[in-house]
Amino acid sequence: MTTITEIQTREISYLSAISEAITQCMREDDDVFLVGEDVRLGSVFHVYNDLLAEFGERRIVDSPISEAGLMGLGVGAAATGTRPVVDIMFMDFMGIALDQLVNQAAKMKYMFGGKARLPLTVMTMAGAGGSIAAQHSQSLEAWLCHVPGLKVVMPSGPYEAKGLVRSAIREDNPVVVVCNKWSLGIMGPVPEASYDIPLGQAHVVREGSDVSVVALGRMVHEAMAAATILAAEGIDIEILDPRTLSPLDVETLATSVRKTGRGLVVHEAVRFGGIGGEIAAAIQEEAFDWLEAPIMRIGAPFSPVPFSPSLEKAYVPNADTIVQTVRHLHARRV
Amino acid sequence: MPDPSAEVLLDLYRRMVRIRLFEEVGGRVAEDGRMPTVLHLYIGQEAVAAGVCANLRPDDQITSTHRGHGHFIAKGGQYRPMFSELFGRANGACKGKGGSMHISDIDLGILGANGIVGGGIPIAVGAAFSNKYRGSDAVSVSFFGDGATNEGSFHEAANMAALWKLPCVLVCENNFYGEWTPQHLHQAIEYIADRAAGYGMPGVVVDGMDAVAVWSATQEAVRRARAGEGPTLLECRTYRYFDHVGMKGLRIAYRSQEEVDSWKARDPIQALEARLVEAGALSAEEAAAFKAETLAEIDEAIAFAEASPFPDPAELLTDVYTEATS
């Protein structure tokens, strides 16, 4: 029996973790191929840099800049016996591909009375913070979570990236992997061997007793920074990473809030209509009698992502906004 | 191209009759309010589905449109699961979850009718990619209308298919109306096949009222696709006898009776029947007997469907996802 100490782990980046997961899946299964814009060159983010050399042009396929066609190619290929990984370079471009994802991929199995199998993985990059402005910075995961038939995961760090990408590729349903382009350099311990992170399971990142903070993607790291500041003030937050947004592990999140009596959901996406509202509502339905305060939400303000660094800094939630909101929540009494 | 054998002609004839009678009876049943649906009837366009699908193997795939019954029947779909589906019953082709606009049977290579105009074209191209990737010599065919050629999905998919020489055939059924809008008001070109040049694939204009012409043109397109020579755009010029939707239609005045009559005078089934009778391959009695048998099969399938149970409400949440991971 293997114990955790026997598994070879080392520090690698979020970027390398994504690449390693795809590489290992492609080695194991010839049905897996990668298609996207400039993927042979590694993509604009260099995530796929080493794949062409190992797998060749048959399996690493450069697409024309045609997101609708590209997504549709993935749908048709997935329905007919392959396991495509479709790269939509920036999540902002998802709109162009949305009919194929929402009306075709998500509904095909249901509309066909269960006969179809859609092992389709969609990789995409969300996240603001580098002055690439309103059409290259959005976090649009709420759009996708609203669609039955899709699964949506959001890796927060290297360990999550490797395990969730592998689970997505091995899943027989369409899964959108929403990565964060500004997390690509984050380092963390990752096992060398392949492993799955089961979809639909949240993870308790930090145990605490005073306030439950549900943080999505990159916000996990901001919440960790906030935890250090708050600990110095005697406020002990519990941090939860849902890892999968659809299906959502409400039970793990609600269990935490029943313990602390206070909940906060933090995401980088626009707060209004964001998935945070759904998460907060789902938790309060399960934990209402334990609540000491309303479940709060932190998200971006209701504007497009701005260009200028001064504006963008004010736009993206961070450890400071989390600290302030947690202080407020912690002070509230019924 | 050699003339098709009498066997091929009879096959085309039977496929067309099976489509026509299904649509005539189904259309009336729907109009009587017995089905929970409206139907986009394929009547008039039968030569296209029959002529194309007669060239396909069971493992070849098709994607279809909202006007999809003809393709389903021509690719091997049976009446019972069709009617059960149209009546919304648990034993329908899609367990009552898809209906007319999503009728499919992936085991027959039918990757779905489609409620989104142009939605099936990239999917067919994806199936072709998959066939090539897996080393299969199966081909895929996408059926779509003139209206769909103005969708981005058509252009993106056609470009990819030609770029990668994928084994597929793009079959445009130009019935000259996108819903109710005539072709000259939705695109500046007369021949949709001309668009093929823009992607670097052959474009062929075919008389879509002549099943033999469609069969011949498709035979070459499928040969090319299977041989790895890439896709072909076939423009089959055909006509929709009924309205965009339903038999009575929505009573929108958009075309003249003279125009409808001129196309009906070239009815593909009557023309092929006459040709078969003249060639001595089919007698009038045999034709009548085939139609009577087909009608009896349709009546039986309707009775079967109407006697079948509706899906249990518990079925609502099944088939949203595949549970096990392979």
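Because the structure is a prediction, the values reported are computed rather than measured. (Residues numbered from 1 in each chain as written. Chains lettered and ligands numbered in written order. Predicted model: local features only at pLDDT ≥ 70, side-chain atom pairs only at ≥ 80, totals over all residues. Heavy atoms only, no water.)

J.: Can you break down the overall build of chain A residue by residue, with the values?
T.: Across its full length, chain A carries 11 helices and 14 strands. Computed over C-alpha atoms, the radius of gyration of chain A comes to 20 Å, within 12% of the 20 Å expected from 2.2 N^0.38 for 334 residues, which places it in the range of a compact globule. If you line up chain A on its principal axes, its C-alpha atoms span 60 × 45 × 45 Å. Within chain A, buried positions represent 60% of all 334 residues. Long-range contacts, defined here as pairs at least 24 residues apart, represent 83% of the contacts in chain A between residues at least 6 apart. Carbon and sulfur atoms make up 55% of the accessible area of chain A, which totals about 12500 Å². Averaged over its 27 positive side-chain charges, chain A has a centre that lies 3 Å from the centre of its 40 negative ones. (Helix = DSSP H or I, 4+ residues; strand = E, 2+ residues; numbered from the N terminus. Rg over C-alpha atoms; globule rule 2.2 N^0.38 Å. Buried < 20%, exposed > 50% of the residue type's maximum accessible area, 1.4 Å probe, protein only. Contact = heavy atoms within 4.5 Å. Areas by Shrake-Rupley, 256 points an atom, 1.4 Å probe, with all protein chains shown as cover. Lys, Arg positive; Asp, Glu negative; His and termini not counted. Charge placed at Lys NZ, Arg CZ, Asp CG, Glu CD.)

J.: Lay out the pattern of salt bridges with the relevant residues and their values.
T.: With the rule as written, the count across this model stands at 38 salt bridges over all chains. With its nearest N and O atoms 2.8 Å apart, the salt bridge here joins Lys-115 of chain A to Asp-105 of chain B. Here Lys-115 of chain A is found in the loop between α4 (94-111) and β5 (121-126), whereas its partner Asp-105 of chain B is found in the loop between α4 (79-86) and α5 (120-133) on a different chain. Residue classification places Asp-105 of chain B among the buried positions, given a relative accessible area of 14%. (Salt bridge = Lys/Arg side-chain N within 4 Å of Asp/Glu carboxyl O.)

J.: Could you give an account of the environment of Gly-72 of chain A, with specific residues and numbers?
T.: For Gly-72 of chain A, the position within the fold is in helix α3 (residues 67-78). The exposure class assigned to Gly-72 of chain A is buried, which follows from its relative accessible area of 0%. Between the C-alpha atom of Gly-72 of chain A and that of Asp-99 of chain A, which follows or precedes it by 27 residues, the distance is 8.8 Å. If we skip the residues at most four places from it in the chain, Gly-72 of chain A touches Gln-100 of chain A together with Pro-122, Ile-123 and Gly-126 of chain B.

J.: Give me the lowdown on the packing of aromatic side chains, citing residues and values where you can.
T.: Working definition: an aromatic ring pair is given by the centre-to-centre distance plus the angle between the planes. Here the structure, examined in full by the defined rule, presents 18 aromatic pairs over all chains. On the numbers, 5.5 Å between centres and 75° between planes, the contact of Phe-272 of chain A with Phe-302 of chain A is edge-to-face. Note that Phe-272 of chain A is positioned in the loop between β13 (263-270) and α9 (275-287) and Phe-302 of chain A in the loop between β14 (296-300) and α10 (309-315), a separation of 30 residues in sequence. For the pair Phe-272 of chain A and Phe-302 of chain A, one class covers both residues: exposed. Aromatic rings pair up to connect Phe-176, Tyr-177, Tyr-239, Tyr-254 and Trp-263 of chain B into one cluster. If you follow Arg-18 of chain B out to its NZ or CZ, it ends over the ring of Tyr-79 of chain B, 4.3 Å from the centre. The ring of Phe-310 of chain B carries Arg-89 of chain B above its face, with NZ or CZ at 3.9 Å from the centroid. (Phe/Tyr/Trp six-rings, centres within 6.5 Å; stacked < 30°, edge-to-face > 60°. Lys NZ or Arg CZ within 6 Å of the ring centre and 35° of its normal.)

J.: For the interface of chain A and chain B, give the residues involved together with the corresponding values.
T.: At the junction of the two partners, chain A supplies 51 residues and chain B supplies 40 residues. Carbon and sulfur atoms make up 61% of the area that chain A and chain B hide from each other, which totals about 3600 Å². Across the contact surface, chain A and chain B share two salt bridges. At the boundary of chain A with chain B, the tally comes to 18 residue pairs in polar contact (both at pLDDT 80 or more). Residue assignment for the side of chain A that touches chain B shows that the elements contributing at least two residues are β2 (32-36), α2 (51-59), β3 (60-62), α3 and α4 of chain A. Residues of the side of chain A that touches chain B, tallied by class, amount to 20 nonpolar, 16 polar and 15 charged. (Buried area = accessible area lost by both parts, 1.4 Å probe. Polar contact = N/O pair within 3.5 Å; in protein donor to acceptor, adjacent residues only side chain to side chain. Nonpolar A, V, L, I, M, F, W, Y, C, P; charged D, E, K, R; others polar.)

J.: An account of helix α6 (residues 158-170) of chain A is requested, with residue identities and associated values reported.
T.: All names here are of chain A. Taking 1.5 Å of rise per residue, the 13 residues of α6 would be expected to cover 18 Å, and the 18 Å separating its terminal C-alpha atoms lies within 8% of that figure. Among the 13 residues of α6, 11 are classified as buried, and the element is accordingly described as predominantly covered. For α6, the set of buried residues is Pro-158, Glu-160, Ala-161, Lys-162, Gly-163, Leu-164, Val-165, Arg-166, Ser-167, Ala-168 and Ile-169. (Expected span 1.5 Å × (residues − 1).)

On their own, these measurements won't tell you what the molecule is for.
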